[in-house]
Amino acid sequence: MTFERRDFLKLGTVGMAAAMATPAFAFNDDSAAKGKGSLRGDCSWIRLEGQLKAGHMIIEARSFDEGKDRTVIMHSKLDSVDLYSGMFSHDLESSIFAVFRDNDHSTSLVVSNTDDAKIGRLLVWNDSAAPGVFAIDKEKFMDSENLNASLHNPQGATVVDVLGKRKPPAFTWRELEAVFGDDLALNEFMRGRKSHHAGGVQEFACRFVSIVPGSTVALLWQAR
């Protein structure tokens, strides 16, 4: 299975006006056995809902595209737990800033390239704590998705905390793909465009922000 990024839907003038005038996120208690989605044609956001192992998930997302930069904001509810995933990608994922929040606590991180194409840089902090800086072996991480086992020449801390005081329900990017990945509304929203990257270590940053506990951004990429 190759992990490919869904491209973002470009936002038109009419869509922006409607998005600003429309209440952002409204959840309800409707149940669903399978993932289903509805595309709001007059604005830049989509609503998805489906049944995960941990409970009923509702996701509402906005996306914006400007040149090589992209932004996504996702508000979700899994049963009674509110989840937030926000991400800004600069220059075709060469640098990514992301924030994940639940239960009034947050994890913030920056993932970027280094002069060595096989090594990535990670800056991470939880709530207002001091940040940690780490070098990550991209190949090891892509093979294992084990962050601590992928540290490159660790100096000091050998455990990367991307959870902090958050307590998100348990689900994975693979489960999100299984439930929502083939949704027609989602495919139309993302226009089915493939990643700029061919795979491997080039997708390190995208994969990393998708495996953070409580992250829903995996739905911006495509598993084929």
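Structure first, text after, so check above.
What comes next concerns the included structure. (Residues numbered from 1 in each chain as written. Predicted model: local features only at pLDDT ≥ 70, side-chain atom pairs only at ≥ 80, totals over all residues. Heavy atoms only, no water.)

Another point: the overall build of the protein. On a plain count of helices and strands, the protein comes out with five helices and 11 strands. Taking all 224 residues of the protein together, 49% fall into the buried category. Counting contacts in the protein only where the partners sit at least 6 residues apart, residues at least 24 apart contribute 53% of the total. (Helix = DSSP H or I, 4+ residues; strand = E, 2+ residues; numbered from the N terminus. Buried < 20%, exposed > 50% of the residue type's maximum accessible area, 1.4 Å probe, protein only. Contact = heavy atoms within 4.5 Å.)

For the rest of this paragraph, the subject is unusual backbone geometry. The phi angle at asparagine 103 is positive, at roughly 50 degrees, despite the residue not being glycine. Within the secondary structure, asparagine 103 is located in the loop between β7 (95-102) and β8 (105-113). Its relative accessible area of 41% is what places asparagine 103 among the partly exposed residues. Even without being a glycine, aspartate 127 presents a positive backbone phi close to 50 degrees. Mapped onto the elements of the fold, aspartate 127 is located in the loop between β9 (119-126) and β10 (132-137). A residue is classified by how much of its surface remains accessible, and aspartate 127, at 27% relative accessible area, is partly exposed.

All chains considered together, the criterion is met by three aromatic pairs. Relative to phenylalanine 204, the ring of phenylalanine 141 lies with its centre 5.6 Å away and its plane at 85 degrees, an arrangement referred to as edge-to-face. Highlighted residues: phenylalanine 141 in helix α2 (residues 138-144) and phenylalanine 204 in helix α5 (residues 204-211), separated in sequence by 63 residues. As far as burial versus exposure is concerned, phenylalanine 141 and phenylalanine 204 are alike and both buried. A centroid spacing of 5.7 Å and a plane angle of 45 degrees characterise the contact between phenylalanine 141 and phenylalanine 208, whose relative ring orientation is tilted. Of this pair, phenylalanine 141 sits in helix α2 while phenylalanine 208 sits in helix α5, and the two are 67 residues apart along the sequence. Owing to a relative accessible area of 0%, phenylalanine 141 belongs among the buried residues under this scheme. (Phe/Tyr/Trp six-rings, centres within 6.5 Å; stacked < 30°, edge-to-face > 60°.)

With that out of the way, let us pick up the pairing of strand β3 (residues 45-52). Most of β3 is tucked away, with seven of its eight residues classed as buried. Across eight bridges, β3 lies against strand β4 (residues 55-66) in antiparallel orientation. The residue of β4 that forms the bridge with isoleucine 46 is alanine 61. Counted between consecutive antiparallel strands, the loop separating β3 from β4 contains two residues. (Pairing = 2+ DSSP bridges.)

With that out of the way, let us pick up the pattern of salt bridges. A complete count under the given rule lists seven salt bridges for this structure. Aspartate 82 is the partner of lysine 77 in a salt bridge, and the nearest nitrogen-oxygen pair spans 2.7 Å. When its relative accessible area of 44% is taken as the criterion, aspartate 82 is described as partly exposed. A salt bridge links glutamate 145 to arginine 174; the shortest N-O distance between them is 3.4 Å. With glutamate 145 in the loop between α2 and α3 (173-180) and arginine 174 in helix α3, the pair connects residues that are 29 residues apart, well separated along the chain. (Salt bridge = Lys/Arg side-chain N within 4 Å of Asp/Glu carboxyl O.)

It is worth spelling out the side chain of glutamate 60 at this point. Within the secondary structure layout, glutamate 60 lies in strand β4. Using a relative accessible area of 1% as the deciding quantity, one classes glutamate 60 as buried.

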